[in-house]
Amino acid sequence: MEKLKNIKGIFFDLGGTLIYPPSGSWRFSELAYRYFPKDRLSEPSVQAAMAEASRRLDENHLLHSTDEEYAQFYEYYRAVSAALPELGLTDEDLRTVTDDKVYNKADNYRLFNDSLETLKAVHGRYKLGIISDTWPSIVPLLEYLDISKYFDCITFSFELGTFKPDRRMYEDALSKMGLPPESTIFIDDSARNLAGAKGLGINPVLIRAMPGIEPVEGIPGIDRISGLLKLL
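For every chain, the first residue of its written sequence is number 1, and the numbers climb from 1 along that sequence. Predicted model: local features are reported for residues with pLDDT of at least 70 only, side-chain atom pairs are reported and counted for 80 or more only, and whole-chain, interface and lining totals are derived from all residues. Values reported for side chains reflect all heavy atoms of the structure, with hydrogen atoms and water molecules removed beforehand.

Moving on to the packing of aromatic side chains. We call Phe, Tyr and Trp rings a pair once their centres come within 6.5 Å, taking the six-membered ring for Trp, and we label the pair stacked below 30 degrees between planes, edge-to-face above 60, and tilted otherwise. Taken as a whole, this structure holds 15 aromatic pairs when the rule is applied. Plain terms: the ring middles of F28 and Y76 are 6.1 Å apart, the flat faces sit at 55° to each other, and that makes the pair tilted. Residue F28 is found in the loop between β2 (19-20) and α1 (30-35), and its partner Y76 is found in helix α4 (residues 66-82); the two are separated by 48 residues along the sequence. Each residue's exposure class comes from its accessible area (1.4 Å probe, protein chains only) as a fraction of the maximum for that residue type: buried when under 20%, exposed when over 50%, partly exposed otherwise. What makes F28 buried here is its relative accessible area of 2%. Note on Y76: relative accessible area 3%, which makes it buried. Here the aromatic cluster, defined as three or more aromatic residues joined through ring pairs, consists of F28, Y33, F36, F73, Y76, Y77 and W135. It is R27 that lies over the ring of Y76; its NZ or CZ is 5.2 Å from the centre. Strands here mean DSSP runs of E at least two residues long; helices mean DSSP runs of H or I at least four residues long; both are numbered from the N terminus. Either the NZ atom of lysine or the CZ atom of arginine qualifies as a charge over a ring when it sits within 6 Å of the ring centre and within 35 degrees of the ring normal.

Ranked by internal contacts, the top residues of the largest apolar core, which has 57 residues, are I10, F12 and F36. For our purposes a nonpolar core is just a set of buried Ala, Val, Leu, Ile, Met, Phe, Trp, Tyr and Cys residues, chained together by side-chain atoms within 4.5 Å. By size, the runner-up hydrophobic cluster in this structure holds 16 residues, among which are I131, M169, F186 and L194.

Another aspect to go through is the environment of M50. With respect to the helices and strands, M50 occurs in helix α3 (residues 44-59). The exposure class of M50 is buried, given its relative accessible area of 15%. For the pair M50 and A83, spaced 33 residues apart in sequence, the C-alpha to C-alpha distance is 8.8 Å. It only takes one pair of heavy atoms within 4.5 Å for two residues to be counted as in contact. For M50, the residues in contact, after removing those within four places along its chain, are F28, L41, Y76 and V80.

Those residues of helix α8 (residues 138-145) not exposed but buried are I138, L141, L142 and L145. Burial along α8 is one-sided: seen end-on, the buried residues are contained in an arc of 95°. Buried residues along α8 sit in contact with β2, α6 (105-108), β3 (110-111), β4 (127-132), β5 (153-156) and α9 (157-160). Of the residues trailing α8, D146 is marked for its positive phi of about 65°. The arc in question is traced by the directions running from the helix axis to the C-beta atoms.

This part covers helix α11 (residues 191-199). Considered for burial, the residues of α11 that qualify are N193, L194, G196 and A197. Buried residues in α11, looked at end-on, bunch into an arc of 155°, giving them a common side. With respect to the buried face of α11, the exposed residues turned more than 90 degrees away are R192 and G199. Of the surrounding secondary structure, the elements contacted by the buried residues of α11 are α10 (167-177), β6 (184-188) and β7 (203-207).

Keep in mind these numbers describe shape, not what the thing actually does.
As structure tokens, this is what we get:
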């Protein structure tokens, strides 16, 4: 594996890079699946309702608090519930699912087993940053996981009201880190997001820790985040 040279800063994605959902879904926790059975969510009419609900989430992504996040995800689950009226979900049920999505840090997210050791290995040797499409609840989650202390700068999509690969995400991150793009790398599990970073001169690295991520020609790849150490 060819090493990257003259790197002074590392940007990390979060989901699929450093953390993962034990349920296998970012929108539906294990608790949520008790109310929304997986086999019902695969029905075409429900998929269409989920897509429309996701579109509304994306169009209103500039958020300032977990209360605003809660309101949006409550509407998301309400829309999915409306497509499955036979489930008979009540307002209390929907609030239980939303509470779990927004506030349950202990059960719904995990660090990959090599995330912490990798952060410790590069901390102090490089400037470290986050570029992540996420919601306000990520802030207490990172504190709970005790990894906020490793990062010099953070760019969250909800703060800018846009998602990767919008160039504003990378420009914000580079401005905060204070390094030229060619001196940085960005690790993400999305080829589309990495193409956006590469377009601004950031060195892309594809991580394939989640199932179904295929190699991309011309972009260095690692199977786990600890593989980063072999590139540096």
